[in-house]
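The lines below spell out each chain.
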Amino acid sequence: AAAAAAGENALKMRLKREELFGKEDQCKTLLESRAGRLASVFGGAAAVPAAAQLKPALRTVIDTRVRAMDASRVDAGNASSAARNAASGLAAAMATAERLQGEVADAEARAAAEGDLLPEPPGTPALSQVPRSRFAAYASAVTESDAAVTESEHDLAVLNNLSLVYTSFHDKAAIDQCCPLCTRGFESIARTDEFKALIASRINTIPAQKEEMTVAVASAKHRRSRLQNMGPLAAHHASLVSKAVPEAADAIAAAETRVAETKTASATADEAADRAKADHVAAAALAEDADTITRLANEAADIRTAVESLERSFGASQMTQGGGAGGGALGTQGHQARTPSAIAGDIEDVEESKSAVEKEKEGLVRRRERAESELLSLERAAYSLREEHMRAAAKSDRRTQLKRELADIERDEKQADADATRQAAERAPKEAARNHLAAERKGARDRAVAAEAQADNCTRSLQRDLDALDAADRPITDYVLGGKAAALEQLKGSMSATDGRIAECNEQFGMISGRRKTKQDGISKAEIMKRELDDNISYLKGKQEEDRLTAEVDALVLQMHAAGADVGTLEANLRRQVITRDKLRNEYAESQGRVKTHQEAMEGYQTELTDPQYKGVGKKLSKQVVELKTYEMVNQDLDRYHSALDRALMAFHAAKMSDINKVVRALWQRTYRGQDIDYIQIRSDAEGTQGKSSYNYRVVMVVGDAELEMRGRCSAGQKVLACLIIRLALAETFCLNCGILALDEPTTNLDAPNAESLARSLLDIMHSRKDQENFQLIVITHDMGFAHLLGQREHADYYWRITKDDNQHSHIECENIYD
């Protein structure tokens, strides 16, 4: 019995040790394969905990990284909000600047509409950054207009006074027969009439001058009035250019700086959030492996404990067996010895019980693994729910804050309305009194202005009359006081003498000019004759040189004929013959070498033909030639068949691709709700060599006349929608008689508008296939809204819901469309 127990214990220990070694080997292998990732997660290989403590340590790291990821997401959201606010501020600043620039441009346009009132400034200097404006000359234009009005009014007053002065001069000369200015008497009646005619002619020109000057005065006043009317516009333009526009530019610069700062902060926050998310994903990806490693370590520890317990019990049984050897006879008297067959039966029973226990253990292990995987799934779901809860809490806090702000704004608005009502009530009597006083002040001001204008007009009229008299009297006084009458007579005499001398000089100049012209004609004729003589001399010299060269050529020709042949021709022929000879020698040597090679080959072939294996080679050759020709003809037929088939397939492929692209374009335009892609198409690029064709298919998106590949340029939702549309187009083109259309999660990554458009497209397909008896549409989806959009009562009355219970058993239930 002791030997049987010892054998049983030894067998158990061996099995336990094998199981222990297997568990430890699995744990070690898994740890070694995940060593790099674990070291990255825990910050170094030295920081990686023991296998038994790996799962809780990794759970702590995951929780820490989840909190860090949530914090980084909040920071990223705040930074993104700040960036949006900064962008809104920049947009507002730019809108303000555009509005101010529009006002400046409007003022410039109004100034330009006035024509030449404010002239266009000259070209902007190269180093200037601020364009010049018409309003830059406004002040000088107002000053010039006032000066022009004053000058024209002064000239008109002078003309009015001159009319009176000339009339009095005319009457006084007719009465006194003397000059009204110098009181000098006229020599005769004719001289008096001449003076009177001169004064009358000047009096007759005064009305036209007065009319012209009146028009000039009116024009100057109208120009000044227009400039005065533009005064407020010029002041507003100056305010915009000097203050408002620079302030708007400064605000844009500050907003751009703020936008750049917030964008940098947002990018940094996004990078931090991405890093935190990547760290969390890296840690979470090891959760299942950590669970397995910790489970294996714990199982190995349990097995090691069992092995140690068996070792202790086995040692104790051996000691008991050794100590009781002297009393063996006594023992045999009290107990009958067991047979080996009985011990073998006991061992078999123990093995069977062990197998049952192992199976039960394996079942329990599988249940535990399933429970742990379910726990991990629940924990991941809990993480997701926690994230959603945090986002919802942040949105709730934001909503509460916005509500408080809205309540504050409404309260401030009510208070402002009440204050405005109260101030309006208090302001009404004061405004009435102010309006009355303003009316009185305006009346008094108008009366004062009218009186001042009348006094100014009277003063200006008197001053103009005085100035006109002074201007008319000044040249007369200067003429009389300066003694200019005698000087005038002297000048008249000297002018007469000078005129005589000028006439004599003109006669002499004419004579000299005639002689000069005659001499110039002679010189021109002499120059022409000289050029003709030079040309004749040059011709004669050229003729002599030509004759000499001709004689030399004839002498050389005679010498060549005397020699009997052309030397150059002979030398050329000699060179050609030498080249031909060398070429023929080379060809002869090459042909001799080829002949010798062929002779040696023929001798070798003759020797080989004497071998027995070449007996009957002629018949064999004929047979092989027949087979070869047969194969060649078959290949030719197959090539023709393959070419025809390839052409037919190409035509079929082109036709089907055209049909598919038509359906794809129609479905995309009917389904996609975005504005960035007009439609999509499938392009096929032929590849391969002669006789072997393959196609490289690619999906392109078309916007206007531009065509780009969708790979790497579209969102996940656009990819899913394109995939669905292409599959629907393929089914519509190739499966006209197919009655089953199955879609598995067709709304993945689709936003709500595109999901609704897809549902409408599927409804159109169902409507077009409603007369097909075997048509069935199978949609597997988690989107209840999409299912309700499809599940109209005209198409179906119920749908099937598939769920899982706590034991992971699937249940299929039939539910009504609108329940």
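Placed above this text is the structure.
Analysis parameters
- Residues numbered from 1 in each chain as written.
- Predicted model: local features only at pLDDT ≥ 70, side-chain atom pairs only at ≥ 80, totals over all residues.
- Heavy atoms only, no water.
- 1 Å grid on protein atoms, 1.4 Å probe; cavity = no way out; pocket = protein on both sides within 12 Å on 5 of 7 lines; lining within 4 Å.
- Points joined across faces, edges and corners; volume = space filled by probe spheres on them.
- Helix = DSSP H or I, 4+ residues; strand = E, 2+ residues; numbered from the N terminus.
- Nonpolar A, V, L, I, M, F, W, Y, C, P; charged D, E, K, R; others polar.
- Core = buried A, V, L, I, M, F, W, Y, C linked by side-chain atoms within 4.5 Å.
- Buried < 20%, exposed > 50% of the residue type's maximum accessible area, 1.4 Å probe, protein only.
- Contact = heavy atoms within 4.5 Å.
- Salt bridge = Lys/Arg side-chain N within 4 Å of Asp/Glu carboxyl O.
- Pairing = 2+ DSSP bridges.
- Phe/Tyr/Trp six-rings, centres within 6.5 Å; stacked < 30°, edge-to-face > 60°.
- Lys NZ or Arg CZ within 6 Å of the ring centre and 35° of its normal.
- Axes fitted to C-alpha atoms, helices over the stretch in contact; angles between N-to-C directions.
- Parallel < 35°, antiparallel > 145°, perpendicular 65-115°, else oblique.
- Left-handed = near helix turned anticlockwise from the far one by under 90°.
- Polar contact = N/O pair within 3.5 Å; in protein donor to acceptor, adjacent residues only side chain to side chain.

Draft legend 1. Quick peek at empty space enclosed by the protein. All told, the structure shown has one cavity of 30 Å³ or more when counted by the stated rule. Of the voids in this model, the largest cavity is the one considered here, and its volume is about 30 Å³. For the lining of the largest cavity, the elements supplying multiple residues, two or more each, are α3 (54–113) and α7 (287–323). Per-element tally for the lining of the largest cavity: the top contributor is α3, with four residues. Of the residues contributing to the lining of the largest cavity, the split by class is four nonpolar, no polar and three charged.

Draft legend 2. Inspection of the nonpolar core at higher detail. In terms of nonpolar packing, the biggest core is built from 34 residues, with V664, W668, I680, L728, L758 and L762 touching the most fellow members. Put simply, the parts of the chain that give this core at least two residues each are α12 (617–671), β1 (679–687), β2 (694–703), α13 (716–734), β4 (740–744), α14 (752–768) and α15 (784–790). Considering each element in turn, this core owes the most residues, eight residues, to α13. For L728, the contacting residues outside a window of four places in its chain are L667, L741, L758, L762 and I765.

Draft legend 3. Looking closely at the pattern of salt bridges. Going through the model one piece at a time under the given rule, you end up with 10 salt bridges. As a salt-bridge pair, R99 and E103 come within 3.1 Å of each other at their nearest N and O atoms. Of the two residues, R99 and E103 both sit in helix α3, four residues apart, roughly one turn of that helix. Under the relative-accessibility criterion, E103 is labelled partly exposed at 25%.

Draft legend 4. The pairing of strand β7 (residues 810–816), seen in detail. The pairing of strand β6 (residues 798–804) with β7 spans seven bridges and is classified as antiparallel. Bridge pairing in β7 places R801 opposite E813. Linkage of β6 to β7, two consecutive antiparallel strands, is achieved through a turn of five residues, within which Q808 is found at a positive phi near 60 degrees.

Draft legend 5. Summary view of the packing of aromatic side chains. In the structure shown here, the tally under the stated rule is one aromatic pair. Ring geometry for W668 versus Y672: centroids 4.6 Å apart, planes at 25 degrees, classification stacked. Judged by its relative accessible area of 1%, W668 falls in the buried class. For Y672, a relative accessible area of 10% puts it in the buried group. The positively charged end of R665 is found above the aromatic ring belonging to Y679, 3.8 Å away from the centroid.

Draft legend 6. Here's a closer look at the packing of helix α4 (residues 138–176) against helix α5 (residues 189–229). Between α4 and α5, whose axes approach to 8 Å, the crossing angle comes to 160 degrees. As summarised for this structure, α4 and α5 are arranged roughly antiparallel, according to the angle between their axes. The chirality of how α4 crosses α5 is left-handed. Taken together, the residues of the contact of α4 with α5 break down into 22 nonpolar, 10 polar and nine charged.

Draft legend 7. Structural detail: the side chain of H653. Turning to its location among the elements, H653 is positioned in helix α12. At 2.8 Å, the side chain of H653 forms a polar contact with the side chain of Y697. Apart from residues no more than four positions distant in its own chain, H653 is found in contact with S684, Y695 and Y697.

Draft legend 8. Here's a closer look at the side chain of T747. Looking at the secondary structure, you find T747 in the loop between β4 and α14. The contact partners of T747, leaving out residues within four places of it in the chain, are A755, T781, D783 and F786.

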